[in-house]
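# What the coordinates show
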Amino acid sequence: MPEDYIHIKLSEQRLRLWKAGKVVGSYPVSTARKGAGEEMGSEKTPRGWHRIRAMIGQGCEAGTVFVARRPTGECYTPALAEACPGRDWILTRILWLSGSEPGKNRLGSVDSMRRFIYIHGCPDCEPVGVPRSHGCIRMRDADVMDLFEQVNIGFSVLIEE
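Residues numbered from 1 in each chain as written. Predicted model: local features only at pLDDT ≥ 70, side-chain atom pairs only at ≥ 80, totals over all residues. Heavy atoms only, no water.

Across its full length, the protein holds two helices and ten strands. Secondary structure elements of the protein occur, N-terminal to C-terminal, as β-β-β-β-β-β-α-β-β-β-α-β. A compact globule built from 161 residues would reach a C-alpha radius of gyration of about 15 Å, and the protein, at 15 Å, matches this within 12%. For the C-alpha atoms alone, the extent of the protein along its principal axes is close to 45 × 35 × 25 Å. Per-residue burial over the protein gives 46% buried out of 161 residues. Taking as baseline every contact in the protein between residues at least 6 positions apart, the subset at least 24 positions apart corresponds to 64%. For the protein, the accessible surface area stands at approximately 7600 Å², while carbon and sulfur atoms represent 51% of it. When the 22 basic and 20 acidic side-chain charges of the protein are each reduced to a single mean position, those positions are 4 Å apart. (Helix = DSSP H or I, 4+ residues; strand = E, 2+ residues; numbered from the N terminus. Rg over C-alpha atoms; globule rule 2.2 N^0.38 Å. Buried < 20%, exposed > 50% of the residue type's maximum accessible area, 1.4 Å probe, protein only. Contact = heavy atoms within 4.5 Å. Areas by Shrake-Rupley, 256 points an atom, 1.4 Å probe, with all protein chains shown as cover. Lys, Arg positive; Asp, Glu negative; His and termini not counted. Charge placed at Lys NZ, Arg CZ, Asp CG, Glu CD.)

Below, the structure written as structure tokens:
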């Protein structure tokens, strides 16, 4: 086990940041409504070891809306949400994950990166602490901003039930 890593526990809906072998941050999250799973198109949260492949959103304001990992120029508001019902909001920061375990969460039909699995911000009106996402790990904007400042590309991430 590395001394520095992110540990996401699906059963607790919690993300813990470990540095130098100690928990330095603990945040509620929302993982997949459909549970754990690795298959492409499953809308499930993949398990196992991952790494942060890309960090997106540095310098963007809280509530910045992203589509295809690019800021749209919009900032989330209840009025925008009302105008765009059913939209899966990806806000503020994105930590794009890449699986580290070939055949489990990397390559082929189980590739987390090709599934676009992120740790990202979500609207404050969306619940965290309960499974509600389409496979990603959702966090409160303030929490994902805090986490973003403490990690880097290549940082290890363990997702387990």
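Don't stop here, the text continues.
Mapping Ser112 onto the fold places it in the loop between strand E7 (91-99) and strand E8 (118-122). Not counting the four nearest positions on each side in its chain, Ser112 is found in contact with Pro46, His50, Leu97, Gly99, Asn105 and Ile117.

Along the chain, Thr64 turns up in strand E5 (residues 64-67). Overall, Thr64 belongs to the buried group, its relative accessible area being 8%. Within the structure, Thr64 has its side chain in polar contact with the backbone oxygen of Glu61 (distance 2.7 Å). If we skip the residues at most four places from it in the chain, Thr64 touches Pro71, Glu74, Cys75, Ile90, Leu91 and Thr92. (Polar contact = N/O pair within 3.5 Å; in protein donor to acceptor, adjacent residues only side chain to side chain.)

Another point: the pairing of strand E1 (residues 5-9). The buried fraction of E1 amounts to four of the five residues, a majority that puts the element mostly inside the structure. Summarising the sheet, E1 and strand E10 (residues 156-160) pair through five bridges and their orientation is parallel. Paired with Tyr5 across the strands is Ser156, a residue of E10. Strand direction decides the pairing type here: E1 and strand E2 (residues 14-19), joined by five bridges, are antiparallel. If you follow Ile6 over to E2, its bridge partner there is Leu17. (Pairing = 2+ DSSP bridges.)

Take the packing of aromatic side chains next. Ring pairs (aromatic) are described by centroid distance and by the angle formed between their planes. In the structure shown here, the tally under the stated rule is five aromatic pairs. Considering the side-chain rings of Tyr5 and Trp18, the 5.8 Å spacing of their centres and the 5° angle between planes classify their relative orientation as stacked. Here Trp18 lies in strand E2 and Tyr5 lies in strand E1, a separation of 13 residues in the sequence. Exposure remark for Tyr5: the relative accessible area of 6% places this residue in the buried category. Between Tyr5 and Trp49 the ring centres are 5.6 Å apart and the planes differ by 55°, which places this aromatic pair in the tilted class. Highlighted residues: Tyr5 in strand E1 and Trp49 in strand E4 (residues 48-56), separated in sequence by 44 residues. In this structure Trp49 comes out as partly exposed when scored by relative accessible area, which is 25%. Through a chain of ring-to-ring contacts, the aromatic side chains of Tyr5, Trp18 and Trp49 assemble into a single cluster. (Phe/Tyr/Trp six-rings, centres within 6.5 Å; stacked < 30°, edge-to-face > 60°.)

Let us now look at the pattern of salt bridges. Following the criterion strictly, the structure yields nine salt bridges and no others. Between Asp88 and Arg138 there is a salt bridge, with its nearest N and O atoms 3.0 Å apart. Of this pair, Asp88 sits in the loop between helix H1 (78-83) and E7 while Arg138 is found in strand E9 (residues 137-140), placing the two residues 50 residues apart along the sequence. A relative accessible area of 33% means that Asp88 is categorised as partly exposed. For Arg138, a relative accessible area of 6% gives the class buried. For Glu126, the salt bridge identified is with Arg132, shortest N-O distance 3.7 Å. Assessed through its relative accessible area of 30%, Arg132 is described here as partly exposed. (Salt bridge = Lys/Arg side-chain N within 4 Å of Asp/Glu carboxyl O.)

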